[in-house]
Amino acid sequence: MDSQTVAKLGLPALEKGWVWLVGAGPGDPGLITALGLQALSQADVILYDALVDETLLTLSDADKIYAGKRAGVKSCKQDEISDLLVRLAKEGKRVLRLKGGDPFVFGRGGEEAQALARAGVNFRIVPGITAGIGGLAYAGIPVTHRDTNHAVTFITGHGADGKLTKLDWAAVSRGAPTLVLYMARRFAGEIAEALLAAGRGSSEPCAIVSNASRRDQQVIVTTLDKLAAEAENAPALSIIVIGENVKLARELSWLA
């Protein structure tokens, strides 16, 4: 990003000894924010996640350290990542923690920020476009629409133990017309059963958006009673949306 643009926007500098936790968006590298580009241009070291489009890394001459976490794959431990962020910052490095989506939406950014705060390290949170909003937009599915819903619930499909999230699914079912589920493909069948038992309709529209906003994006439109079967064949990197909004994709699907 050129200096004239930076000056016009009044962007802060990534200073030595600071850590910026930056959301890179759901996949398309063009969805990173201006502050994210600023961090890429100024960082001494970048710790990046598995879901970050590596095109973004080519924009920086900084040292790069892979710090990704993927379900079912041996990966970095969270405390090791947090400790490394603290150590690098205390060495006077300008540190960029680049995370897929938004660092504060099911991204463990809060845990990393807590570690920095407790260690006395200066940090900035740079929000990103989360997959549950931006990824669905790339599928032509609005998260909200005044003709279909006035509330939406965001849910993670599994907890820290890797098992289905322990929730009152009957309350979840009643809570909002639109449900957006992250990291839920593996438990789609159990979730569908719980929602059906709570009174959601078997023909309620659902969509599985895989590799959202990427070149290989795939959208499977189905119904709640068939969600489990469709999820079995979907790519691992998927987000699920349940609700009448899904029908709008017929008209609003724009990505060629």
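Quick caveat, the model's predicted, so the values are computed rather than measured.

Student: Just give me the short version of the nonpolar core, but keep the residues and values in it.
Tutor: Membership of the largest hydrophobic core comes to 21 residues, with the highest contact counts inside it found for Trp169, Leu181, Ile191, Leu227, Ile240 and Ile242. Of all the secondary-structure elements, those providing two or more residues to this core are α6 (169-175), β7 (178-182), α7 (188-197), β8 (205-210), α8 (227-232) and β10 (238-242). With 4 residues, the single largest contributor to this core is α7. Residues in contact with isoleucine 242, not counting those within four places in the same chain, are Pro177, Thr178, Leu179, Leu181, Leu195, Arg200, Glu204, Pro205, Cys206, Leu224 and Leu227. Core analysis: the next-biggest nonpolar cluster, separate from the first, contains 17 residues, Val22, Tyr48, Leu57 and Ala62 among them.

Student: Break down the pairing of strand β4 (residues 95-99) for me, with residues and values.
Tutor: Most of β4 sits inside the fold, with 5 of its 5 residues counted as buried. Across the two faces of β4 the burial is the same, with Val95, Arg97 and Lys99 and Leu96 and Leu98 all buried. Bridge count for strand β1 (residues 18-23) against β4 is 5 bridges, and the pairing is parallel. Within the sheet, the bridge partner assigned to valine 22 lies in β4 and is leucine 98. Across 4 bridges, strand β2 (residues 45-48) lies against β4 in parallel orientation. Bridge pairing in β4 links leucine 47 to arginine 97.

Student: Outline the sheet that holds strand β6 (residues 152-156), supporting the account with residue identities and numerical values.
Tutor: Read across the sheet, 5 strands follow the order β6-β7-β10-β8-β9 without closing on themselves; strand pairing throughout is mixed. Two strands lie at the open edges of the sheet, namely β6 and β9 (218-223), each paired on one side alone. Sheet twist, expressed as the average angle between the axes of neighbouring strands with direction ignored, equals 20°. Of the strand pairs in this sheet, β7 and β10 are connected by 4 bridges, and their pairing is antiparallel. Among the inter-strand pairings, tyrosine 182 is bridged to a residue of β10, identified as isoleucine 239.

Criteria and cut-off values
- Residues numbered from 1 in each chain as written.
- Predicted model: local features only at pLDDT ≥ 70, side-chain atom pairs only at ≥ 80, totals over all residues.
- Heavy atoms only, no water.
- Core = buried A, V, L, I, M, F, W, Y, C linked by side-chain atoms within 4.5 Å.
- Buried < 20%, exposed > 50% of the residue type's maximum accessible area, 1.4 Å probe, protein only.
- Helix = DSSP H or I, 4+ residues; strand = E, 2+ residues; numbered from the N terminus.
- Contact = heavy atoms within 4.5 Å.
- Pairing = 2+ DSSP bridges.
- Axes fitted to C-alpha atoms, helices over the stretch in contact; angles between N-to-C directions.

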